[in-house]
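A look at the structure
Here are the chains, one letter per residue:
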Amino acid sequence: MEDDRILARERQQMEEIRELDLEELQVEEVDDLHDSSGDERDLTGRGSSDEYTFNNCLASLHTYLGEVEDTHHRVAFLDGGAILNLPIFYLEGVVLFPEATLPLRVIQPNFVVAVERALTQVDAPYTIGVIRVYRDPDNGRIRFSNIGTTAEIRQYRRLEDGSLNVVTRGQQRFHLRRRWIDVEGAPCGEVQIIQEDIPVRAPRDAFGAVAPFSKPGGHHFARMPSHNSHAKSNESMDVDNDSEANSDESFESALSLTEREIHQSVVDSYYGSDTMDESTTTSSDDEKSQSQLQGSQSKDSDSTDSLHSCPENNNVDLGSSSKSDMQSCKQKEPDRCWRNTGLKQFRRAPRAFWPYWVYRMYDSYCLAERAADMWKQIVGAPSMDSLVKKPDLLSFYIASKIPVSESTRQELLEIDGISYRLRREIELLQSVDLIQCKTCQTVIAKRSDMLVMSSEGPLGAYVNPNGYVHEIMTLYKANGLALIGRAASEYSWFPGYAWTITNCATCETHMGWLFTATNKNLKPRLFWGVRSSQVSDDLH
């Protein structure tokens, strides 16, 4: 009896929602509606995963498209710099990243021709190019982005009316060189595949366990290690396991064969790869004595390689000799004395000896760990250890799911360099706090209100029956939104949920949808989907 009363009350609430229209709905009523499910949220603003009964894998399957056939064809990656012609899809409000899923409902005849051509083309079969288009805020003209992503057609189905349901997967970034419409009306473009860089660790030997030395005047500089002190540094690091970055064995074991080769080439560039110009030996006497003085200050007193002596006195230690000794040595045979001051040592001296934390700022793997930790704290996603080991894929994953505007995500797509993209994403994760309406700047939600309703993350692309693709971010809570019309369950992106259109209550711009459970056993009972194309660029 108690269950029947609860079910009847829920049905009554659902009927009240369906009967509301824009004029009758007050923003406070929307907030109260969400508060009725407040027991499903924990103290951090996110619900307990134990209370979820919705299978978030269903949303990523895009079951609303009906039965689609697998192409059983996986496209090989194209070489960086390769130039080819592809059918091009221009999508407004969508930014496709490598490894992200993009569903398409192809209705227009010219795009149907484009898909059919992609299925049969010899160069890069089953591949299309996806470019974001947008309206210039100054004059309202349509603009085309120069950087896009190739998409592999993995599933498709031809319907009775001639339209196509297609599921694609992002592959590689490209630069759009030129575009045209062919004789059949299909949009085409000449694209050049972008050569992606390889994630590497900071060259470990570029910074050693080197103590700083003081220069007269109170300025401190990192001391360049001598060859012998560098060897001792390596021996001490083999014993000291306090830090993984300072351990030869743990560092190199984490690298692939390609990374080791790159790492070694970088290290070699620091030590002995170049020779000093012979003109160095003809420098002025004042420059020589100054270089000798600085060299003597930068050596360990117990290092045998730090002994710079004249031929007449091979036992003179410049580290402990007086200035008069050096002057007497210089007066006897200046050129010969200079040539014996250890040119090999100067060749081995590293040209980059910044502190360890400086190199970590651009270490792809260190940045990946930091970004993954921040993402988990904000979104509450499961372990991302597998992606941390692949910083390039992690950078694309976060860029495709981060709750920011489409223009900001296009900026992330256009960044060349894994480290630079990860650094920008960390900056965004630190600054993203409020989600606001792009038109009137009304605060819709906070980043802590994000909800993961798909196995692909809190933001994903979905297509409606009319062929429009929407990228939406799913939220526990949304403020300042008004419901429009009645709830409908047909063609729902989330099986078991009915959808109701929502507008911004201030400027009446279409912001997204409210999804309400049609089954009492489904949790969460309701959630919101907000279009990323209507999210403000203002991150604070």
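Nothing here was measured: the structure is a model prediction, and the numbers come from that model. (Residues numbered from 1 in each chain as written. Predicted model: local features only at pLDDT ≥ 70, side-chain atom pairs only at ≥ 80, totals over all residues. Heavy atoms only, no water.)

1. So, the overall build of the protein chain
Selection criterion: The secondary structure listing takes helices from DSSP runs of H or I that are at least 4 residues long and strands from runs of E that are at least 2 residues long, numbered from the N terminus. Think of it in three bands: with a 1.4 Å probe and only protein chains considered, a residue is buried below 20% of the maximum accessible area for its type, exposed above 50%, and partly exposed in between. Contacts are residue-level and defined by heavy atoms, with any inter-residue pair within 4.5 Å sufficient.
In terms of helices and strands, the protein chain carries 17 helices and 18 strands. Buried residues in the protein chain amount to 47% of all 540 residues. Across the protein chain, every contact between residues at least 6 apart in sequence was considered, and the portion connecting residues at least 24 apart equals 66%.

2. Quick look at the packing of helix α13 (residues 364-379) against helix α17 (residues 418-431)
To keep it simple, the criterion reads: Geometry is summarised by axes, namely lines fitted to C-alpha atoms with helices restricted to the contacting stretch, and by angles between N-to-C directions that run from 0 to 180 degrees. Put simply, angles under 35 degrees are roughly parallel, angles over 145 are roughly antiparallel, angles from 65 to 115 are roughly perpendicular, and the rest are oblique. Put simply, a crossing is left-handed when the front helix is turned counterclockwise from the back one by less than a right angle, and right-handed when it is turned clockwise. Just so you know the grouping, Ala, Val, Leu, Ile, Met, Phe, Trp, Tyr, Cys and Pro go in nonpolar, Asp, Glu, Lys and Arg go in charged, and all remaining residues, Gly too, go in polar.
Between α13 and α17, the shortest axis-to-axis distance is 9 Å and the interhelical angle comes to 25°. The orientation of α13 with respect to α17, classified from their angle, is roughly parallel. By crossing handedness, the relation of α13 to α17 is classed as left-handed. Packed against α13, whose contacting residues are S364, L367, A368, R370, A371, M374, W375 and I378, the element α17 presents I418, S419, L422, R423, I426, L429 and Q430 at the interface. Residues of the contact of α13 with α17, tallied by class, amount to 10 nonpolar, three polar and two charged.

3. A few points about the layout of surface pockets
Heads up, the rule is: Of the two site types, the cavity is a set of points on a 1 Å grid over the protein atoms alone where a 1.4 Å probe fits but cannot get out, and the pocket is an open set with protein on both sides within 12 Å along at least five of seven lines, each lined by residues with an atom within 4 Å of a point. Grid points are joined across faces, edges and corners, and a volume is the space filled by probe spheres set on the points.
Of the voids in this model, the largest pocket is the one considered here, and its volume is about 920 Å³. Together, 32 residues line the largest pocket, and L91, E92, G93, V133 and Y468 are the ones closest to its centre. At the level of elements, β2 (83-92), β3 (101-106), β4 (127-135), β5 (142-144), α16 (406-414) and β14 (469-475) are the ones that each hand at least two residues to the lining of the largest pocket. Classifying every residue of the lining of the largest pocket by side-chain character gives 14 nonpolar, nine polar and nine charged.

4. A look at the confidence of the model for the protein chain
Spelled out, the test is: In predicted models, pLDDT denotes the confidence assigned by the predictor to each residue on a 0 to 100 scale.
Within the protein chain, residue pLDDT values average 74, and 61% of them lie at 70 or more. Helix α2 (residues 27-35) is the least confidently modelled element of the protein chain, averaging 38 in pLDDT, while strand β16 (residues 497-504) averages 97, the highest of any element. Across residues 17-49, where pLDDT falls below 50, the model places 59 contacts with residues more than four positions away in sequence or in other chains.

5. Considerations on unusual backbone geometry
A cis amide bond links K523 to the next residue, P524, at an omega of 5°. By the secondary structure assignment, P524 is in the loop between β17 (510-517) and β18 (526-531). You will see that Y491, though not glycine, has its phi angle at about 60°, which is positive.

6. Some remarks on the side chain of Q534
The residue Q534 is located in the segment after β18 in this model. In this view, Q534 contacts Q436, C437, K438, T439, T509, H510 and M511; residues no more than four positions away in its chain are not counted.

7. Comments concerning empty space enclosed by the protein
For the coordinates displayed, the defined rule picks out eight cavities of 30 Å³ or more. Approximately 90 Å³ is the volume found for the largest cavity. In terms of lining residues, the largest cavity is bounded by 15 residues, among which A100, T101, R409, A461 and E471 are the most central. If you tally residues by element for the lining of the largest cavity, the top one is strand β13 (residues 459-463), at three residues. Taken together, the residues of the lining of the largest cavity break down into eight nonpolar, three polar and four charged.

8. Re helix α15 (residues 391-401)
Along α15, eight of the 11 residues are buried, which leaves the element largely enclosed by surrounding structure. Looking only at α15, the buried set comprises P391, L394, S395, F396, I398, A399, S400 and K401. The secondary structure elements touched by the buried residues of α15 are β7 (164-181), α13, α14 (385-388), α16, α17 and β13.

9. Side note on the sheet that holds β13
Basically, it comes down to this: In this analysis, strands are considered paired if DSSP registers two or more bridges between them.
The strand order across the open sheet formed by six strands is β13-β14-β18-β17-β16-β15, and the pairing between neighbours is antiparallel. Both edges of this open sheet fall to β13 and β15 (481-488), since each of them pairs with a single strand only. Taking each pair of neighbouring strands and ignoring which way they run, the sheet shows an average axis angle of 35°. Note that β15 and β16 share five bridges and pair antiparallel. When the bridges of β16 are listed, A482 appears paired with N503.

10. Observations concerning α13
Using the following cut-off: Helices are assigned an expected span. That span is 1.5 Å times one less than the residue count. Definition of a polar contact: a pair of N or O atoms within 3.5 Å, with one able to donate and the other able to accept a hydrogen when the atoms are protein atoms, and with sequence-neighbouring residues admitted only if both atoms are side-chain atoms.
Taking 1.5 Å of rise per residue, 16 residues should cover 22 Å, and α13 covers 22 Å from first to last C-alpha, within 8% of that figure. Looking only at α13, the buried set comprises S364, Y365, C366, L367, A368, A371, A372, M374, W375, I378 and V379. Measuring from the side-chain oxygen of the N-cap residue of α13 to the backbone nitrogen of Y365 gives 2.9 Å; that N-cap residue is D363. Taken from the residues just after α13, G380 is the one with a positive phi, measuring 75°.

11. Remarks on the packing of aromatic side chains
How two aromatic rings sit relative to each other is given by the distance of their centres and the angle of their planes. Defined as follows: Each pair of aromatic rings taken from Phe, Tyr and Trp, with Trp reduced to its six-membered ring, is defined by centres within 6.5 Å and is described as stacked if the planes are under 30 degrees apart, edge-to-face if over 60, and tilted in the remaining cases. Only when the NZ of Lys or the CZ of Arg is both within 6 Å of the ring centre and within 35 degrees of the ring normal is a charge said to sit over the ring.
Evaluated as defined, the whole model comprises 15 aromatic pairs. An aromatic cluster of at least three residues, connected via ring pairs, comprises F54, Y462, W493, F494, Y497, W513, F515 and F527. The ring centre of F144 lies 3.7 Å from the NZ or CZ of R179, which sits over that ring. Between the NZ or CZ atom of R423 and the centre of the ring of Y362, over which it lies, the distance is 4.7 Å.

12. A word on the pattern of salt bridges
Stated precisely, the cut-off is as follows: Any Lys or Arg side-chain nitrogen located within 4 Å of an Asp or Glu carboxyl oxygen qualifies as a salt bridge.
Applying the stated criterion to the full structure yields 15 salt bridges. The closest approach of N and O atoms between R117 and E184, which form a salt bridge, is 2.6 Å. Of this pair, R117 sits in helix α4 (residues 109-120) while E184 sits in the loop between β7 and β8 (187-193), and the two are 67 residues apart along the sequence. As a salt-bridge pair, E456 and R169 come within 3.3 Å of each other at their nearest N and O atoms. Taken together, the residues span a long stretch of sequence, with E456 in the loop between β12 (443-446) and β13 and R169 in strand β7 at a distance of 287 residues. By sharing partners, the salt bridges in this structure join R117, D182 and E184 into a single network.

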